[in-house]
Amino acid sequence: MSRKQAFQFLDLPRTMPQRIPVELRTSGDWGELHGKFDKADAQYQAGRCLDCGNPYCSWKCPVHNAIPQWLQLVQEDRIHEAATLCHSTNPLPEVCGRVCPQDRLCEGSCTLEEFGAVTIGAVEKYIVDTALATGWKPDLVAVESTGKRVAIVGAGPAGLACADRLVRAGVQAVVFDRYEQIGGLLQFGIPSFKLEKDVIQRRREILEGMGVQFRLGVEIGRDISIEQLQNDYDAVFLGTGAYRYTDGGLIGQDLKNVLPALPFLVQNSRIVSGDDPHGRPIAGWEDQIALPDLNGKRVVVLGGGDTGMDCVRSAIRLGAAKVTCAYRRDEANMPGSAREVANAREEGVRFLFNRQPLAIEAGADDEVIGVSVIETELGQPDANGRRNAVAIEGSESLLEADVVIIAFGFSPTLPEWLASQGVEASSNGRIIAGGATRLPFQTHNPKLFAGGDVVRGADLVVTAVAEGRDAAESIVALLKR
Ligand code: FAD
Ligand code: SF4
């Protein structure tokens, strides 16, 4: 029964589900930081929604979720209807409820901001987890087969969202991925303290139940050619992500115990999930690394984005004695979500702002001894409007470290096997899709569509979901011609 009262937000504070105590997190607990709402808490929090009539939350949400409407259904305990409504805009709602930077999206634009935004992400997670646990499934009874088949390259959020929408439109979706599991960076990137991996397994079961087929451990361009896919299928969606590291060109970056961020996170997530990280390399993964033991070590992470935050928080859970994040601009200009920075601080990470790395220094036996850095101040804005970090002469110092993790970001690349098919990319490697003369998400090859990080550059799960979903609509439009 709904327990909503008028102006409930005045009496009831915003709360999140209970957090794992910091002592457990710092002694190696890899579970999701926040637990789950129970029914009463979910109803109270949903009841704080003012139904303001101007749902900025929905507009700011990249998939435009019908947030006030599903909050209302939660108050009325109509969870299966709420789950159906969630899926009508978002093919992966339980994932987004967990990993979206809500402080920058839906919750950041809630009208109640000064009273504490409605806890939208946690309620979204509650709806879908509860619905799935009580037997809810997508209803595809009215779907009629079109007899068309589409290949999807990449089982990340863009590819999965595209597959979901295609089968709902009666199109057979076959998803190829070079990895042996679905999820892309959801599985092999985002640590389990943000997204536990059984969530992805459960989503796989739902998608397979809907009729989506997966061909895993298959790399397109190596095991199967793109020409073959074009022959065998009516269209192809490319959701191959962004995996080229930004190379800082630092002296010493090739030393042992200097780790690139993503292989570090991937290897670690395989250890945490009980998968054998050393005996069985991930297909197509050239940067397989042997993880050093971080227990008792001094770890310096270079870079202030969300990947850097995942690295510092992983290092803490791996028992590092001291974890420092060095970033070249100030805190206000840090790209990482403020919420993740706060979580990292709470777990004992030290932040050093306005520090530009100069080189990674080695001792007599070529072992890492630290990072030499120089202090910076903010200068003139660059072409993107961001103020440059300008080095302050004479301010060099050494940050002592046993292990250094480099997290400078990623961008996509256009492989030859796509370029040879007429697919074009901009100078920063992003596939060009859509535009005045093409369908949305259609590349320069009319049979090939693309979306997610490979088009946008490294971004967010929810934007990849939005693009996969909308690309499916374009593909269906093409197949109807
Ligand atoms: P991906 O998730 O990268 O999936 C691409 C898939 O394509 C991969 O599975 C890959 O194996 C496959 N593939 C590539 N080439 C081939 C080929 N030739 N043949 C077959 N398969 C191929 N976003 C958030 O919103 N919240 C977060 O908290 C968050 N944390 C992050 C943490 C880290 C460490 C990283 C790196 C990113 C994080 N992101 C986060 C960003 C988010 O994960 C990505 O924006 C999102 O996963 C992009 O989805 P995608 O489907 O475009 O690509
Ligand atoms: Fe908020 Fe993300 Fe859910 Fe949209 S998908 S309502 S932005 S948590």
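None of these values were measured; they are calculated from a predicted model.

### Things to note about the overall build of the protein chain
Across its full length, the protein chain holds 17 helices and 16 strands. Scaling as 2.2 N^0.38, a compact globule of 481 residues should have a C-alpha radius of gyration of about 23 Å, and the protein chain matches this with 23 Å. With respect to the three principal axes, the spread of C-alpha positions in the protein chain is 70 × 60 × 45 Å. Counting the 481 residues in the protein chain, one finds 54% classified as buried. Split by element, the accessible area of the protein chain, about 20,500 Å² in all, is 49% carbon and sulfur. Put simply, the protein chain has 50 plus and 63 minus side-chain charges, and the middle of one group is 4 Å from the middle of the other.

### Quick look at the side chain of Ser 192
Within the secondary structure, Ser 192 sits in the loop between β2 (172-177) and α10 (198-210). You can call Ser 192 buried: its relative accessible area is 10%. For Ser 192, the side chain forms a polar contact with the main-chain oxygen of Trp 30, separated by 2.9 Å. Setting aside its immediate chain neighbours within four residues, Ser 192 contacts Trp 30, Gly 31, Glu 32, Lys 197 and Val 272.

### Considering the UniProt feature "domain: Dihydroprymidine dehydrogenase" (unreviewed entry) in the protein chain
UniProt's feature table lists "domain: Dihydroprymidine dehydrogenase" (unreviewed entry) at residues 30-135, given in the numbering used throughout. Between the C-alpha atoms that bound residues 30-135 the distance is 28 Å, and the span itself is 52% helix and 0% strand.

### Notes on the site of ligand 1
Around ligand 1 sit 33 residues in total, of which Val 99, Asp 177, Lys 194, Tyr 243 and Asp 453 are the nearest. Residue Arg 178 places a side-chain N or O atom 3.0 Å away from an oxygen atom belonging to ligand 1. Between ligand 1 and Ile 220, the relevant distance is 2.9 Å, taken from a nitrogen atom to a main-chain nitrogen or oxygen of the residue. Relative to its unbound accessible area of 990 Å², ligand 1 is 96% covered by the protein chains. Elements with a contribution of two residues or more to the shell around ligand 1: α9 (157-168), α12 (261-272), α13 (306-317) and α17 (461-480). Of the residues that constitute the shell around ligand 1, the class distribution is 17 nonpolar, nine polar and seven charged. Taken domain by domain, the makeup of the shell around ligand 1 includes at least three residues from each of domain 2 (149-242 + 412-479) and domain 3 (245-409).

### Focus on the sheet that holds strand β4 (residues 235-238)
Reading across the sheet, the five strands line up as β3-β2-β1-β4-β16 and stay open at both edges, with parallel pairing between neighbours. Only two strands of the sheet have a single neighbouring strand rather than two, namely β3 (213-216) and β16 (448-450). Sheet twist, expressed as the average angle between the axes of neighbouring strands with direction ignored, equals 20°. Here strand β1 (residues 149-153) pairs with β4 via four bridges, running parallel. Bridge pairing in β4 places Ala 151 opposite Val 236. Along the sheet face, α9 touches β1, β2, β3 and β4 and points at about 170° away from the line of β1.

Cut-off values and rules
Residues numbered from 1 in each chain as written. Chains lettered and ligands numbered in written order. Predicted model: local features only at pLDDT ≥ 70, side-chain atom pairs only at ≥ 80, totals over all residues. Heavy atoms only, no water. Helix = DSSP H or I, 4+ residues; strand = E, 2+ residues; numbered from the N terminus. Rg over C-alpha atoms; globule rule 2.2 N^0.38 Å. Buried < 20%, exposed > 50% of the residue type's maximum accessible area, 1.4 Å probe, protein only. Areas by Shrake-Rupley, 256 points an atom, 1.4 Å probe, with all protein chains shown as cover. Lys, Arg positive; Asp, Glu negative; His and termini not counted. Charge placed at Lys NZ, Arg CZ, Asp CG, Glu CD. Polar contact = N/O pair within 3.5 Å; in protein donor to acceptor, adjacent residues only side chain to side chain. Contact = heavy atoms within 4.5 Å. UniProt positions renumbered as here; feature names shortened; annotations may be inferred. Near = heavy atom within 4 Å. Nonpolar A, V, L, I, M, F, W, Y, C, P; charged D, E, K, R; others polar. Domains from an automatic or database assignment. Pairing = 2+ DSSP bridges. Axes fitted to C-alpha atoms, helices over the stretch in contact; angles between N-to-C directions.

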